Each structure stands twice: as structure tokens, then as C-alpha cells.
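Next come the chains, spelled out residue by residue.
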Amino acid sequence: MAEDAARPLRADARRNRDQILAAAKRVFGAQGPDVPMEEIARQAGVGTGTLYRRFPDRTSLILAVAHDSFAKVLAEAQAAVAEERSAWNALVRVVRTSRELQVSVHLTILSASASHAALVDPEVTRFQRELLGLLDEVVHAAQREGTLRPDVGTGDVAALLSLLLRPLGALPSIESWQISERAMALLLDSLRTPSRSSLPGEPLTLHNLKPGLTADP
């Protein structure tokens, strides 16, 4: 049986769980969804029995990684809204912290079972709904203060983020993180006023997005 999320964990059990999730993010991010579970246990510094008590199969571990990533992004987004004096600065923080979701997005793209599990998982759905709702608030607030171009919608921003979170092949002489940093900077520059070009069609809203962790724009 998987761990009961509603039951508080002992300090040692929580430490083991945190170590497993951190190792899973590293290993999944570097090697993909098919890496042996034993390798994740080894890098987490726990026995395979401990890993399987916490996460009885690969899908449950992938979902736990997604839940942990979403929770961190949502908490940071809420902090950004509460702490930043301008809506634009809050939007920048939300956009940048969204990279925490990159491993989960890659896993759902590379694994059909992970993609299906994320699509039907109520916790993933809840996190997505709350995060998109907060993004919608920040987008409209930035437009009201005149820092975000008025001809884009929350759907446009979410679609661009979805593209940036997908696997990105690096050029031989450039690290992938450098490409990601430049792409993120270009994204933010394209969203800020004054706009330098007109956009075709109408702004995309949240209603234009397909459901799911890997929804296509």
C-alpha cells in the first residue's frame, strides 16, 4: 500500500520521503521515466524496501514528484502575489518559478502511463486549477497597471510556459539551462509593454486551454 497522505509522517519517514523525491527529480530529469527504481533508492540513500513502502510503483512516484512540484510552485506564486509591490514583478516570479514543473512535464511527455495518471489525478487537477486561477489574477492585475501588453490573455501566457517546459535540445556548445534562461528572458520581454508588434487573432483565455499537465497550446 502507498503511504497515507492524510497521516502525519514521523521525522525519519518524512526525511526519507523528501530524499526520495529529491533523488527522483534528479534521476528522472537526467535519465527519463524508465530509470530503475533501485537507482533512485541508491541516490536517495535509502533501501529499496523503504522506497517501495512509500511508493509502491513508478506511477505513484511520478505523481508524488508532480504533487511536490506543483505545491512548491503554488506556494511561491502565492508568496509572489503577497510580497511584490507590482503585478509585473509578481508575474515574473510566477513565470520563473514554473520551471519547478519541468521534470513532471518531461515525464508525462515521455511516458504514456504517466501522462494518463496525471490527466485523471484529482490532486494534479486541483493544483492546475489553483495555479492557473492565480496566474489569471496576476495577468489581469499587470494589465491594469499597464506593464503587461493588453492584447494577450492568460491562455497565451500559459501556452508559452507550456512550450518552455517541454524538453529542449541543447546545441553542442551551449548548456540546456542557458537556452532555457534566454528563452525565459525573451518570453518576459515579449509580454511587457510597449508591444513591438501586433498579434494575429484574439487573446487566448483559460477556456482555450486543454486539460492536462501536457496540454498543447
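For the structure itself, look to the data block above.
(A) Structural context of the overall build of the protein. The secondary structure content of the protein amounts to 10 helices and 0 strands. Going from the N terminus to the C terminus, the protein shows its helices and strands as α-α-α-α-α-α-α-α-α-α. Burial status across the protein gives 43% buried among its 217 residues. Looking at the protein as shown, the accessible area adds up to about 11800 Å², and 54% of this sits on carbon and sulfur atoms.

(B) Representation of the nonpolar core. In this structure, Trp 88, Leu 91, Val 95, Leu 131, Leu 135, Leu 148 and Leu 191 are the most contacted members of the largest nonpolar core, which totals 35 residues. Where this core is concerned, the elements lending two or more residues are α4 (58-83), α5 (87-97), α8 (122-144), α9 (154-164) and α10 (176-191). No other element matches the 8 residues that α8 contributes to this core. Ignoring sequence-local partners within four residues, the contact set of Val 95 consists of Leu 161, Met 184, Leu 187 and Leu 188. The next biggest cluster of nonpolar side chains, apart from the first, holds 21 residues, and it includes Ile 20, Ala 23, Met 37 and Ala 114.

(C) Representation of helix α6 (residues 102-110). Turning to α6, its buried residues number three or more, namely Val 103, Ser 104, Val 105, His 106, Leu 107 and Thr 108. Buried residues along α6 sit against α1 (11-31), α4 and α7 (112-120).

(D) Summary view of the packing of aromatic side chains. Enumeration according to the criterion identifies 1 aromatic pair in this entry. In this structure, Arg 126 packs its charged tip against the face of Phe 127, placed 4.5 Å from the ring centre.

(E) Here's a closer look at the packing of α4 against α7. Relative orientation of the contacting elements α4 and α7 amounts to 55°, with a least axis distance of 10 Å. Judged by the angle between their axes, α4 and α7 are oblique. Crossing hand, α4 versus α7: right-handed. Of the residues in α7, those in contact with Thr 59, Ile 62 and Leu 63 of α4 are Ser 113, Ala 114, Ala 117 and Ala 118. Per-class residue counts for the contact of α4 with α7 are 5 nonpolar, 2 polar and no charged.

About the criteria used
- Residues numbered from 1 in each chain as written.
- Predicted model: local features only at pLDDT ≥ 70, side-chain atom pairs only at ≥ 80, totals over all residues.
- Heavy atoms only, no water.
- Helix = DSSP H or I, 4+ residues; strand = E, 2+ residues; numbered from the N terminus.
- Buried < 20%, exposed > 50% of the residue type's maximum accessible area, 1.4 Å probe, protein only.
- Areas by Shrake-Rupley, 256 points an atom, 1.4 Å probe, with all protein chains shown as cover.
- Core = buried A, V, L, I, M, F, W, Y, C linked by side-chain atoms within 4.5 Å.
- Contact = heavy atoms within 4.5 Å.
- Phe/Tyr/Trp six-rings, centres within 6.5 Å; stacked < 30°, edge-to-face > 60°.
- Lys NZ or Arg CZ within 6 Å of the ring centre and 35° of its normal.
- Axes fitted to C-alpha atoms, helices over the stretch in contact; angles between N-to-C directions.
- Parallel < 35°, antiparallel > 145°, perpendicular 65-115°, else oblique.
- Left-handed = near helix turned anticlockwise from the far one by under 90°.
- Nonpolar A, V, L, I, M, F, W, Y, C, P; charged D, E, K, R; others polar.

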